[in-house]
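One-letter residues, chain by chain:
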Amino acid sequence: MTEPISPARFYAKTSKTAATPKRAANRPIAPMDTPIHGRLSATQPCTSTAEYKDPVFVAAADELKGKYVCVEPLAFLKVFLPHVDGMPSVDFPSFAEVADKSTEPQMYDPLISALAPFLQQGMMLVNTSNTPDPDSAVFLDREVKPDISCYSKPAPQNSCITRASDMELFLELKNHAQDEPFDDGASEFERDTAHGRDTRGQLVTYLNAIQALQNRSHIFAVFINKDRCRLIHHSRSCSIVTKAFDYTDTNILQTFFWRFTHAPAAVRGHDTTMSFIELETKETKAARVKLKLGNECPLYMVSVEDFRTEQVLYYIISTPFTDTHAYPVGRGTRCYKAYDCATGKLVLMKDSWRVEGYEPDSVIYQRLYDKQSLQCCGWFNDRLKATRIGKSIRRHAHYRLVLGTIGVPISRFPSTWIMVNAIYCALIAHEMAFKLAKILHRDISVGNILILPNGKGVLIDWELSKDLDQNVPRTYERTGTSWQFLSVRLMNARAKNLPAIHDVGDDLESFVHVMVWLAARYAPNNMDPSVRGAFLAIFDAPAGVDFKETRMTLGKEAIERLLLGQRHLETLLEDLWFAFGRRYASYRDIEAKNDGLESETGSESDSSDWWDQSLIDETRGEFGRRNLQAVGAEGQGQPTQDTSPSQREADLALITSHDWIIATMRTALANQVWMGTKDKSVKHQLPESGKSYTEGQKKRKSMLTEYNVDAKDDANYTQETKRRRGVSRVPP
């Protein structure tokens, strides 16, 4: 008998979104790029200072807004649960008794008794309404306590009866019409009421806890409101919800439990390609040595079918070293250090739910890298793909990628020179992909640049990259982790819900934002925590766009305020920061020229704009006076002191090319004094929030990365850690 996996417990942290300031004038944009979504997994992963203070259920409901599909109950059963013979007859009066109860708590135990005949032996329903699960605070630190939980275990692994890490499904009950979360007859399926929204948020919070604490392809749940019932199928794509039906005079609810509890683990939603390793063997001992794990750490055997060769390969893993899967929908990426059972080598395994419509990572890597970098890859059947789920729902497919390269998060740089060198190497890779393979990365962030053991860097996570020959969106919205490092141009457009194509200049600007963010957050500096917090706040999306653009045009002054301990880094950042700030001055001047206006005149049409034109005028000549020998020496040209609109248009083309930024960085990195300086990363203090948060909540994707070995020290994986992560086993 096998047992489920409950990988790791992680906490998600989010930030309060400030009011949106007045925006800049439109930048030159082009249509047909995929719009970005605004859920926490994209808008808040790298935020630096603020905390998201909205109520948990409100935030959870917003995560799944527009992600529901309504279906008929019988169609739901037909698609998701196969027929099972032998179901006993239904005692409808016992269910009518449940619906007649005057309060919600009075419904729990009678419902458990009424459903008991429809459970396979070994399955049980437990009243968990008054017992929060202390290990379930995945979403905004909210511990879950569903009204009724279903388990397949004969006995709990700990003393708590509420265990999201072991739940098969849950039931949530209500006793008032105002708590109904959906409206079958309305044009909008999600009821636009406070109570309805809170009920949806409650359901999402419970579903997300199970999904984050277990390895699941999907989760089932049941919602009951007096005599009405809905069945729910949740996945990384969406929640499929049935129309409400009367469970007191139909056998749909009873049939659901009969089929569900008799179904195999895969149909119930468990990932059966992972299995808990019960016995210690010579192979597991070798894996522990390679993975640097103690005997108390759980091990799992993972099978991956290489879709190219159809060969099944096996790996041994423990728990993921990432926590980017703690969101209700999306890619749900988990990364593991894995022991290759065939070669005995250490590899990287990325387990995620890739977006259908985008090319898999493996296809991109095959085009970019030597084949030896790609160990194997495969994807798994998802029953959701058999269901027509609507135009506005992004579909995800379970996918695993195994790579031979394991790097260190760039936030752990041993020196600022190596930090910049890693980004320089990533830029070279970006240029080669752009010029030779015609691929644009489009997701440049702190989390997607790693430092290799030789001090060089590598650019990872190409899933959202795009072939330059593709001119149309591949899905209805774009996901990603780079809002904090997105170019000002794209942030401006998306904040106004305007179409914009993500171009190479936007990626290059993102590299600059990554460097400046790392310098403020981790490079040795003497900033006061409040000043540091204020500077990092400009990277928070989407409200930081105006402040980011303003700070960029300050150039030298803005970087000097970081009080960096490394002068060579400071000089480089001054050049890059101001140069890309000039990008927006150039946009304004080009617009003015095209409109027959002279930007220098300070026309009345500009006076009402949020942009401080006097600031541009004051710093306009400084860029031409900068000594950018890197570019000039190589004959690539450099921005000049000529501030005419035509010259600025030429400067804009220069700034938004690989040649200028790579040459500038190459010249800076040639400094031998800087190269020999050991100024490693420092985790600086940030301003205290007005609210108390757990250490788990304080973790962010900006500090993690998809391949972050900082997220958990495997060597110190204590019994207490294992208890809190709810390590469990796989049901039959």
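Residues numbered from 1 in each chain as written. Predicted model: local features only at pLDDT ≥ 70, side-chain atom pairs only at ≥ 80, totals over all residues. Heavy atoms only, no water.

What follows is about the overall build of the protein. Secondary structure assignment for the protein yields 27 helices and 20 strands. Taken over 732 residues, the protein has a buried fraction of 60%. Summarising the internal contacts of the protein: among those between residues at least 6 apart in sequence, 75% fall at separations of at least 24. For the protein, the exposed area adds up to about 27700 Å²; of that, 51% sits on carbon and sulfur atoms. (Helix = DSSP H or I, 4+ residues; strand = E, 2+ residues; numbered from the N terminus. Buried < 20%, exposed > 50% of the residue type's maximum accessible area, 1.4 Å probe, protein only. Contact = heavy atoms within 4.5 Å. Areas by Shrake-Rupley, 256 points an atom, 1.4 Å probe, with all protein chains shown as cover.)

On to helix H5 (residues 105-115), then. Structurally, the α-helix is built with 3.6 residues per turn, so residues lying three or four positions apart point the same way. Taken as a whole, H5 has its buried residues at Met107, Tyr108, Pro110, Leu111, Ile112, Ala114 and Leu115. If you follow the buried residues of H5, they end up packed against helix H4 (92-99), strand E2 (124-127), strand E3 (148-151), strand E4 (169-174), strand E5 (219-225) and helix H7 (252-262).

Turning to the pattern of salt bridges, a few remarks are in order. Under the counting rule described, the total for this entry stands at 20 salt bridges. In this structure, Arg197 engages Asp198 in a salt bridge whose closest nitrogen and oxygen atoms are separated by 3.2 Å. Between Arg489 and Asp506 there is a salt bridge whose closest N-O contact spans 2.4 Å. With a gap of 17 residues between them, Arg489 in helix H12 (residues 488-495) and Asp506 in helix H13 (residues 504-521) connect regions that are remote in the sequence. Accessibility classification places Arg489 together with Asp506 in one group, the buried group. Salt bridges sharing common partners tie together Glu180, Asp184 and Arg230. (Salt bridge = Lys/Arg side-chain N within 4 Å of Asp/Glu carboxyl O.)

Pairing in this open sheet of three strands is antiparallel, and the strands run E16-E18-E19 from one edge to the other. Edge positions in the open sheet fall to strand E16 (408-409) and strand E19 (457-459), since each of these has one partner strand only. Direction of pairing for E16 relative to strand E18 (residues 449-451): antiparallel, over a ladder of two bridges. Within the sheet, the bridge partner assigned to Pro409 lies in E18 and is Leu450. With respect to the sheet, helix H11 (residues 416-435) is in contact with E18 and E19, its orientation differing from that of E18 by roughly 125 degrees. (Pairing = 2+ DSSP bridges. Axes fitted to C-alpha atoms, helices over the stretch in contact; angles between N-to-C directions.)

The relative placement of two packed helices is expressed as an angle between their axes plus a distance between the axes. Viewed as axis vectors pointing N to C, H4 and H5 meet at an angle of 165 degrees, and their least axial separation amounts to 9 Å. Here H4 is positioned roughly antiparallel relative to H5, judged by the angle of their axes. Considering only the axes of H4 and H5, their crossing is left-handed. Only Met107, Pro110, Leu111, Ala114 and Leu115 of H5 make contact with H4, whose side of the interface consists of Ser94, Phe95 and Val98. Here the contact of H4 with H5 is built from residues that sort into seven nonpolar, one polar and no charged. (Parallel < 35°, antiparallel > 145°, perpendicular 65-115°, else oblique. Left-handed = near helix turned anticlockwise from the far one by under 90°. Nonpolar A, V, L, I, M, F, W, Y, C, P; charged D, E, K, R; others polar.)

Okay, the pairing of strand E6 (residues 228-234) next. In terms of burial, E6 is a largely internal element, six of the seven residues being buried. In terms of strand pairing, E5 meets E6 through seven bridges, oriented antiparallel. Directly across from Phe223, in E6, lies its bridge partner Arg230. Sheet analysis places E6 next to strand E8 (residues 245-246), joined by two bridges and oriented antiparallel. Across the sheet, Arg228 pairs through a bridge with Asp246, a residue of E8. As judged from the three bridges shared by E6 and strand E7 (residues 239-242), these two strands associate in the antiparallel manner. By the bridge assignment for E7, His233 is matched with Ile240. The hairpin turn running from E6 into E7, its antiparallel successor, is four residues long.

Next up on the list: helix H2 (residues 56-63). For H2, the buried fraction is high: six of the eight residues fall into the buried class. Of all the positions in H2, only Val56, Phe57, Ala59, Ala60, Ala61 and Glu63 are classed as buried.

Before going further, it helps to spend a moment on the packing of H2 against helix H6 (residues 194-213). In contact at an axis separation of 7 Å, H2 and H6 are set at 80 degrees when each is read in the N-to-C sense. As the angle between them shows, H2 and H6 are arranged roughly perpendicular. Residue-level contacts link Val56, Phe57, Val58, Ala60 and Ala61 of H2 to Arg197, Asp198, Arg200, Gly201, Gln202, Val204 and Thr205 of H6. Across the contact of H2 with H6, the residue classes tally to six nonpolar, three polar and three charged.

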